[in-house]
Amino acid sequence: MQYGILRFEEPKPNTSRKILHVDMDAFYANIEMRDNPKLANKPVVIAKHPNLTEGRGIVSTCNYLAREFGIRSAMSSLEAFKRCPHAVFIHGNMQHYVEVSAQIRQIFYQYTELVEPLSLDEAYLDVTENKKGIKSAIKIARLIQQQILDEIGLTCSIGVSYNKFIAKVASDFHKPFGMTLVTPDEAVAFLKQLPIEDFYGVGRKSVPTFHQHQIFKGEDLFKWQLDDLIKQFGKMGYSLYFKVRGIHNAPVKNHRERKSIGTETTFSKFLETDSDVLTIFNRLTKKVANKLQEKGLKAQTITIKIRYDDFETLTRQMQLSTPSDQYEECVRVVEHLWQIHGNLERAVRLLGVSVSKFEDLEFSSIPLELE
Ligand code: TTP
Ligand code: MG
């Protein structure tokens, strides 16, 4: 295959893997229903009641009964209230959801170390080789589904296939408490009927562009040459060309092996004041703390990075007394590090914050604030 002056081998699908994508059903809402039997048979919306927020606020999620009224994630809570005034609105309890998520991950680790969480309620598992020595991926999926129900009291849906992309799409196919298997033989037919917006990586904003080019489904994508897709859609076009052919060989990454989480930013206009530096450090720390919470991790080491206008770069770190995923605790250390090690004799062109030395949540106790 040729593109520009590059020649490369066309990737081949690796169909020998067994990959699961597990996605909890109505996650936050079902946790609330499990914990409070009075909510049975009621539409439940996870959001502050609009009366308490002067109409502001958005819906995190809702149970399936509330979905029958047209309520959806990310809808304004006022709109949700209009659609179903008798719904029960519950202001969620993140710490509690993080803990339930960690319990679910413990079940995954009984089957494989290759667990890649995408958020609190979903993860990829590579079970090609697994700790139970079970050959059938479907059998493992059923065992996990049942174990989560028995031990945690929640339902999930699972997609089973040979790559992450297909497994993820498949997990959404029969919800709730569903299981969808897509074999290598079925993959291309499965992908051809898939709406373009369901191709992971196609953002909502680019959907109209695909439609303008008469690409509505996988089968329309399939007709395009690689070169044309790249010309029109860049990297995304390249990736889609292979995805629709069932080729997506990205490995399931074991998040327990991850060494650090961080973010940094470079400034076109260099920073010269303490308050500008602190504002940026606050923003970066917030991002990092959010990532920790999403991944269900706590970190003990906090590192800041400073690059001055002459490109001298320094990193300085400090340990928290106990691992944390809390923004307030992390930012205190970040500010302290800056105050000790930073100076503004030179302007600052880059700032970074990272955290490392993780402790999985399951090894720490989180105080429960049940509402
Ligand atoms: P999802 O898996 O998208 O939704 P869900 O688990 O509630 O329902 P489904 O059965 O369709 O999978 O998201 C997981 C959790 O993430 C969800 O319970 C709440 C949270 N969330 C938000 O806070 N805001 C959002 O916009 C979305 C989509 C999810
Ligand atoms: Mg879910």
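(A) Geometry of the pairing of strand β7 (residues 115–119). Where β7 meets strand β8 (residues 122–126), four bridges bridge the pair, whose relative direction is antiparallel. When the sheet's bridge partners are listed, S119 is paired in β8 with E122. Connecting β7 to the next strand, β8, in antiparallel fashion are two residues.

(B) Quick peek at the site of ligand 1. The environment of ligand 1 is formed by 13 residues, the closest being A26, T61, Y64, R67 and D121. Between ligand 1 and Y64, the relevant distance is 2.5 Å, taken from an oxygen atom to a side-chain nitrogen or oxygen of the residue. K175 is positioned with one of its side-chain polar atoms (N or O) 3.0 Å from an oxygen atom of ligand 1. With the chains in place, 68% of the 560 Å² that ligand 1 exposes on its own is no longer accessible. Taken together, the residues of the shell around ligand 1 break down into five nonpolar, three polar and five charged.

(C) Expanded view of the coordination of the magnesium ion (ligand 2). Those protein atoms acting as donors to the magnesium ion (ligand 2) are D23 (OD), M24 (O) and D121 (OD), and they sit at 2.0 to 2.2 Å. Each of the six donor atoms bound to the magnesium ion (ligand 2) contributes to angles spanning 80 to 176 degrees, and the resulting shape is octahedral. All donors of the magnesium ion (ligand 2) belong to a single chain; written as a sequence motif, their spacing is D-M-x96-D. Of this pair, M24 sits in strand β3 (residues 19–24) while D121 sits in the loop between β7 and β8; the two residues are 97 residues apart in sequence, bridging distant segments of the chain. Note on D121: relative accessible area 16%, which makes it buried.

(D) Representation of empty space enclosed by the protein in the model. Scanning the model with the defined rule gives one cavity of 30 Å³ or more in all. The space that makes up the largest cavity amounts to roughly 60 Å³. Contributing to the lining of the largest cavity are V22, M24, S101, I104, R105, F108, L120, D121, E122 and A123. At four residues, helix α4 (residues 94–109) tops the list of elements feeding residues into the lining of the largest cavity. Tallied by class, the residues present in the lining of the largest cavity amount to six nonpolar, one polar and three charged.

(E) The arrangement of the side chain of N30 in detail. The topology assignment puts N30 in helix α1 (residues 27–35). Using a relative accessible area of 16% as the deciding quantity, one classes N30 as buried. The contact partners of N30, leaving out residues within four places of it in the chain, are D25, N63, L154 and T155.

What counts as what
- Residues numbered from 1 in each chain as written.
- Chains lettered and ligands numbered in written order.
- Predicted model: local features only at pLDDT ≥ 70, side-chain atom pairs only at ≥ 80, totals over all residues.
- Heavy atoms only, no water.
- Pairing = 2+ DSSP bridges.
- Helix = DSSP H or I, 4+ residues; strand = E, 2+ residues; numbered from the N terminus.
- Near = heavy atom within 4 Å.
- Polar contact = N/O pair within 3.5 Å; in protein donor to acceptor, adjacent residues only side chain to side chain.
- Areas by Shrake-Rupley, 256 points an atom, 1.4 Å probe, with all protein chains shown as cover.
- Nonpolar A, V, L, I, M, F, W, Y, C, P; charged D, E, K, R; others polar.
- Donors = N, O, S within 2.8 Å, 3.2 Å for Na, K, Ca; no water.
- Tetrahedral: all angles 85-135°; square planar, octahedral: opposite > 155°, others 65-115°.
- Buried < 20%, exposed > 50% of the residue type's maximum accessible area, 1.4 Å probe, protein only.
- 1 Å grid on protein atoms, 1.4 Å probe; cavity = no way out; pocket = protein on both sides within 12 Å on 5 of 7 lines; lining within 4 Å.
- Points joined across faces, edges and corners; volume = space filled by probe spheres on them.
- Contact = heavy atoms within 4.5 Å.

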